[in-house]
2 protein chains.
Amino acid sequence: MTETPTRKKWKQDPEAVQANILAAAAEEFAEHGLTGARVDEIAARTRTSKRMIYYYFGDKESLYRQVLEEAYRKVRSEEAALDLTSLPPLDALRKLVEFTFDHHRANENFIRLVMIENVHKGKHLAESPLIARVNPSAIERIEDICARGQKDGSIRSDVSPHELHWLISAASFFNVSNRFSFGISFNKTLFTHDGQQKLRELTCKAVIEAARKP
Amino acid sequence: MTETPTRKKWKQDPEAVQANILAAAAEEFAEHGLTGARVDEIAARTRTSKRMIYYYFGDKESLYRQVLEEAYRKVRSEEAALDLTSLPPLDALRKLVEFTFDHHRANENFIRLVMIENVHKGKHLAESPLIARVNPSAIERIEDICARGQKDGSIRSDVSPHELHWLISAASFFNVSNRFSFGISFNKTLFTHDGQQKLRELTCKAVIEAARKP
DNA sequence: CCATTAATGTACCATTCAGTTAAAATCAAT
DNA sequence: ATTGATTTTAACTGAATGGTACATTAATGG
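Residues numbered from 1 in each chain as written. Chains lettered and ligands numbered in written order. Predicted model: local features only at pLDDT ≥ 70, side-chain atom pairs only at ≥ 80, totals over all residues. Heavy atoms only, no water.

### Some details on unusual backbone geometry
Thinking step 1. Phi is positive for Lys121 of chain A, which is not a glycine, with a value near 60°.
Thinking step 2. Within the element layout of this structure, Lys121 of chain A appears in the loop between α6 (108-119) and α7 (123-127). (Helix = DSSP H or I, 4+ residues; strand = E, 2+ residues; numbered from the N terminus.)

Next comes the structure, spelled out in structure tokens:
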């Protein structure tokens, strides 16, 4: 018996390995935060090894930064699929709110990553040049709605697109991010199916009334 | 020279020591989160030693739980000072929104602790029997407003106190919790003094319009 | 087919950190 | 005075964890 220390055979596939690591890291970071995440645990979630994490990503913090970037990129590109240009302004606004509300609920891990990044005071986002490029698209849609609404007189001019986006985001984000503390402190019925339908409609109405010209 | 290993004189004051530890821990946990916080660093922030932390609080997680409880207790008691019963319902509602918006801004560490606890999915809040007792008071005020408003016909009956509280909280909380990511992604002008005044007014209007009977 | 570089596997190291131990000193109450 | 609770000091432990060293295999170009 020649003792060949059995070593796995493998194909070279850098992109797949990196994508696999990013996906595993995204889950681990979303679950436990930057400091709570364990590199060994990320490695265990991959088809490869810890060695490769450091080979491709340098260190834990760089990996985290790239996970963040990837998450933003993915979410913004999904949002881009929404076409609102064919609807009257206030209808478009309602559709945007509904979409955002639903989309946030469906992307809890993205919400969690953003929460975590805010606990870190946005330090890593600030270091990422990509973010500044990818995010404005979220504003542009609402700017278009406001511009059309002011032209046809349906939307008031003393409320800015940024403010409307802030209000939509606040409700949609908080609904996911704080449902644990809110549910424990108050009423879990808000987070049942019916409760969520009501909050969704409440958010729509609140945003539309804030935008509508009287 | 007799070498007396100099040792501090001290008063026995268990409560002060515990309060000092809790305050130090609150800062460290708010700054770095549960996993990011360092017990040695908490000790360094106190007038006493790491030994005493374990003497009184057992372990890091128990300390964290008590920090959370203390933070909720403090915030709710500050809120309790607000008296709205003498105002007409919609005026009371406006005052409540303004107060909440301002209060959240003024208590960033509380916001941070709640964010952190939500990253942990509310696990520690759920274990704390105190929370269930201290929080309903926040709802009662708004229930009173709604009851009076339905009696005098100023507030609609198809929107619940919980929903209104959710909307007020969402805007006020998000405004503090997400200002880093939001500011980086979009526009920092929302977080200047003028910007905050506008968001505060936007929130008031949105909530009041959501509540007002047409 | 050989040399070289990129990619991967395995084992290990160094440090950090929550929690402990031990002993003594001091306080407060009886 | 005795006693138990509180506080100080300071070193220590053991596990967890971020990061590396070094060997090995795959692909590539000549």
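### Details of the protein's contact with DNA strand C
Thinking step 1. Surrounding DNA strand C, one finds 25 residues, the nearest of these being Trp10, Gln12, Arg38, Lys50 and Lys60 of chain B.
Thinking step 2. Near the protein, meaning within 4 Å, the atoms of DNA strand C are sugar or phosphate in a fraction of 62%, with bases accounting for the rest.
Thinking step 3. The contact in question runs from a phosphate oxygen of DNA strand C to an N or O atom on the side chain of Tyr55 of chain A, over 3.1 Å.
Thinking step 4. Secondary structure elements with two or more residues in the surface near DNA strand C: α1 (14-36) and α3 (50-57) of chain A together with α3 (50-57) of chain B.
Thinking step 5. No other element matches α3 of chain A, which puts four residues into the surface near DNA strand C.
Thinking step 6. Here the residues of the surface near DNA strand C are counted per class, giving 10 nonpolar, four polar and 11 charged. (Near = heavy atom within 4 Å. Polar contact = N/O pair within 3.5 Å; in protein donor to acceptor, adjacent residues only side chain to side chain. Nonpolar A, V, L, I, M, F, W, Y, C, P; charged D, E, K, R; others polar.)

### So, the packing of helix α10 (residues 161-177) of chain A against helix α12 (residues 193-211) of chain B
Thinking step 1. In the contact formed by α10 of chain A and α12 of chain B, the axes pass within 11 Å of each other and the chain directions differ by 55°. As judged from the angle between their axes, α10 of chain A and α12 of chain B are oblique. The hand of the α10 of chain A/α12 of chain B crossing is right-handed. Here Glu163, Trp166 and Leu167 of chain A of α10 of chain A lie close against α12 of chain B, whose contacting residues are Lys198, Leu199, Leu202, Thr203 and Ala206 of chain B.
Thinking step 2. Residue composition of the contact of α10 of chain A with α12 of chain B, grouped by class: five nonpolar, one polar and two charged. (Axes fitted to C-alpha atoms, helices over the stretch in contact; angles between N-to-C directions. Parallel < 35°, antiparallel > 145°, perpendicular 65-115°, else oblique. Left-handed = near helix turned anticlockwise from the far one by under 90°. Contact = heavy atoms within 4.5 Å.)

### Considering the domain arrangement of chain A
Accessible area lost upon the coming together of the parts serves often as the stated size of an interface.
Residue and element names in this part refer to chain A.
Thinking step 1. In terms of domains, chain A is made up of domain 1 (13-58) and domain 2 (67-211).
Thinking step 2. A straight line from the C-alpha centre of domain 1 to that of domain 2 covers 29 Å.
Thinking step 3. Listed per partner, the contact involves nine residues of domain 1 and seven residues of domain 2.
Thinking step 4. For the domain 1 face of the interface with domain 2, the top three residues by lost area are Leu22, Ala30 and Leu34, together amounting to 60%.
Thinking step 5. Put simply, domain 1 and domain 2 have zero salt bridges between them. (Domains from an automatic or database assignment. Buried area = accessible area lost by both parts, 1.4 Å probe. Salt bridge = Lys/Arg side-chain N within 4 Å of Asp/Glu carboxyl O.)

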